[in-house]
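Fold and contact review
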Amino acid sequence: MIKVLVTGGKGQLAQCIQSISNDYPSLDFVFLGSNDLDISNINEVENYFSENNFDYCINCAAYTAVDKAEEEQELAKKVNVTGAKNLAITCKNKDVVLIHISTDFVFDGEAKTPYREDDSTNPISVYGQTKRDGELEISSNLSQHFIIRTSWLYSEFAGNFVKTMLRLSKEREELSVVDDQTGCPTYAKDLAEIILKIIDSQSKQFGIYHYSNQGEITWYNFAKEIFKQSQSEIKLHKTDSKTFKTLATRPKYSVLNTSKIHSLLNLEPVKWEKSLEKCLKEITFE
Ligand SMILES: NC(=O)c1ccc[n+]([C@@H]2O[C@H](COP(=O)([O-])OP(=O)(O)OC[C@H]3O[C@@H](n4cnc5c(N)ncnc54)[C@H](OP(=O)(O)O)[C@@H]3O)[C@@H](O)[C@H]2O)c1
């Protein structure tokens, strides 16, 4: 059996991993929430790893409140930078492969074509900066790592854009969504599959990888498709980032080039519309 620790075990991505874990009988999982293991506390991390043996650690733990991070810089840093460093050092000492999740927000959004893994990073928000610094802590402390940058995660679990749109479509008659940020949504269950396939393949081709679903759209067009597929009657309007102000600045364009991970795993990219369809079938509302 391959022993796998999942940190941040109660978050969206970790719940997606848990939901498909039975499809991987050769993997033996332990999921730890933030109350069980605080990755920002080196003593806790070292003690836990000294008492338990793993082959892989999937780090799903992160400070993910993009706007709040502008006001809680120290806390975001503690989790996304110190936490990542703690795991990297401990994984090195215990010969564990670390699979860490990062974000399209490490880029400034000035590109016109999909970002490749070796393009220069230049985060424009506190969240993006802390995620970029976390990547650096991992790559400088541990060679056995996969850093997977992903974008616009959604699923049937936890809070996310798709679930918010579906809720608002029941509460409101009209809605405005920004049309000046382009990216690619990613069904977190598809990402979960990719992560478990990397482990299953026992690949030693460590490094940074990009993964998202296939295509590029704005948040407005994503909302439009969510309402189309869910047959909602809500009236949708376009707005822009100047009108819909947020604390954190977001990249204008953050589409990821995913060809490296698809060739590593020999998989075909999945179109975002198809994945949305799969996810909507899983979402149930009380
Ligand atoms: N969501 C997106 O759109 C998106 C896009 C690109 C990349 N990502 C990256 O994808 C990864 C997974 O995101 P997600 O959507 O699953 O996030 P999520 O639902 O917010 O889950 C993050 C989890 O981390 C836990 N956590 C926070 N501080 C911790 C600590 N000090 N020690 C241990 N656990 C801690 C949280 O637990 P508590 O709730 O108990 O604090 C939460 O359950 C993250 O690395 C994120 O940066 C996300």
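Details of the structure are given in the entry above.
Bear in mind the structure is a predicted one, so any value in this text is a computation, not a measurement. (Residues numbered from 1 in each chain as written. Predicted model: local features only at pLDDT ≥ 70, side-chain atom pairs only at ≥ 80, totals over all residues. Heavy atoms only, no water.)

Next up on the list: the side chain of Asn80. Its location among the elements puts Asn80 in helix α3 (residues 73–94). Since its relative accessible area comes to 3%, Asn80 is described here as buried. In this structure the side chain of Asn80 is engaged in a polar contact, spanning 2.8 Å, whose partner is the backbone nitrogen of Tyr63. Here the side chain of Asn80 touches Thr130 through a polar contact of 3.1 Å, side chain to side chain. (Helix = DSSP H or I, 4+ residues; strand = E, 2+ residues; numbered from the N terminus. Buried < 20%, exposed > 50% of the residue type's maximum accessible area, 1.4 Å probe, protein only. Polar contact = N/O pair within 3.5 Å; in protein donor to acceptor, adjacent residues only side chain to side chain.)

All told, the structure shown has 15 aromatic pairs when counted by the stated rule. Pairing Phe146 with Phe206 gives two aromatic rings, centres 5.2 Å apart and planes at 65°, and the pair type is edge-to-face. Highlighted residues: Phe146 in strand β5 (residues 145–150) and Phe206 in the loop between α6 (188–201) and β10 (207–210), separated in sequence by 60 residues. Using a relative accessible area of 26% as the deciding quantity, one classes Phe206 as partly exposed. Judged by centre distance (6.4 Å) and plane angle (45°), the rings of Trp219 and Phe222 are tilted. In this pair, Trp219 and Phe222 are both assigned in helix α7 (residues 219–229), three residues apart and thus about one turn of the helix distant. As far as burial versus exposure is concerned, Trp219 and Phe222 are alike and both buried. Through a chain of ring-to-ring contacts, three or more aromatic side chains come together here, namely Trp152, Tyr154, Phe161, Tyr187, Trp219, Phe222 and Trp272. Note that Lys260 overlies the ring of Tyr209, its terminal NZ or CZ placed 4.3 Å from the centroid. (Phe/Tyr/Trp six-rings, centres within 6.5 Å; stacked < 30°, edge-to-face > 60°. Lys NZ or Arg CZ within 6 Å of the ring centre and 35° of its normal.)

Right, let's talk about the environment of Met165 for a bit. With respect to the helices and strands, the residue Met165 is situated in helix α5 (residues 161–171). If sequence neighbours within four positions are ignored, Met165 has contacts with Leu175, Val177, Ala223, Ile226 and Phe227. (Contact = heavy atoms within 4.5 Å.)

With that out of the way, let us pick up the side chain of Glu156. Among the secondary structure elements, Glu156 is positioned in the loop between β6 (153–154) and α5. Classification of Glu156 by relative accessible area gives buried; the value is 13%. Among all residues touching Glu156, those that are not within four sequence positions of it are Lys163, Tyr187, Lys189, Cys279, Glu282 and Ile283.

What follows covers the site of the ligand. Ser34, Asp38, Thr64, Tyr127 and Lys131 are the nearest of the 22 residues found near the ligand. In the model, an oxygen atom of the ligand is placed 3.2 Å from a nitrogen or oxygen of the Gly11 main chain. Interatomic distance of 2.8 Å between a side-chain N/O atom of Asp38 and a nitrogen atom of the ligand. Within the complex, the protein chains bury 76% of what would otherwise be the 910 Å² of accessible surface of the ligand. For the shell around the ligand, the secondary structure elements donating two or more residues are α1 (12–20), β4 (97–103) and α4 (126–141). Among the residues forming the shell around the ligand, the class breakdown is eleven nonpolar, eight polar and three charged. (Near = heavy atom within 4 Å. Areas by Shrake-Rupley, 256 points an atom, 1.4 Å probe, with all protein chains shown as cover. Nonpolar A, V, L, I, M, F, W, Y, C, P; charged D, E, K, R; others polar.)

Of all hydrophobic cores here, the largest spans 32 residues; its most connected members are Val4, Leu13, Ile17, Ile58, Ile195, Leu196 and Ile199. Broken down by secondary-structure element, the contributors of at least two residues to this core are β1 (2–7), α1, β2 (27–32), β3 (56–59), β4, β5, α6 and α8 (259–265). With eight residues, α6 is the largest single contributor of residues to this core. Beyond its immediate chain neighbours, meaning those up to four positions away, Ile195 contacts Leu13, Ile17, Ile58, Ile99, Ile101 and Ile148. Ranked by size, the runner-up nonpolar core spans 29 residues in total, among them Phe49, Tyr63, Ala88 and Leu98. (Core = buried A, V, L, I, M, F, W, Y, C linked by side-chain atoms within 4.5 Å.)

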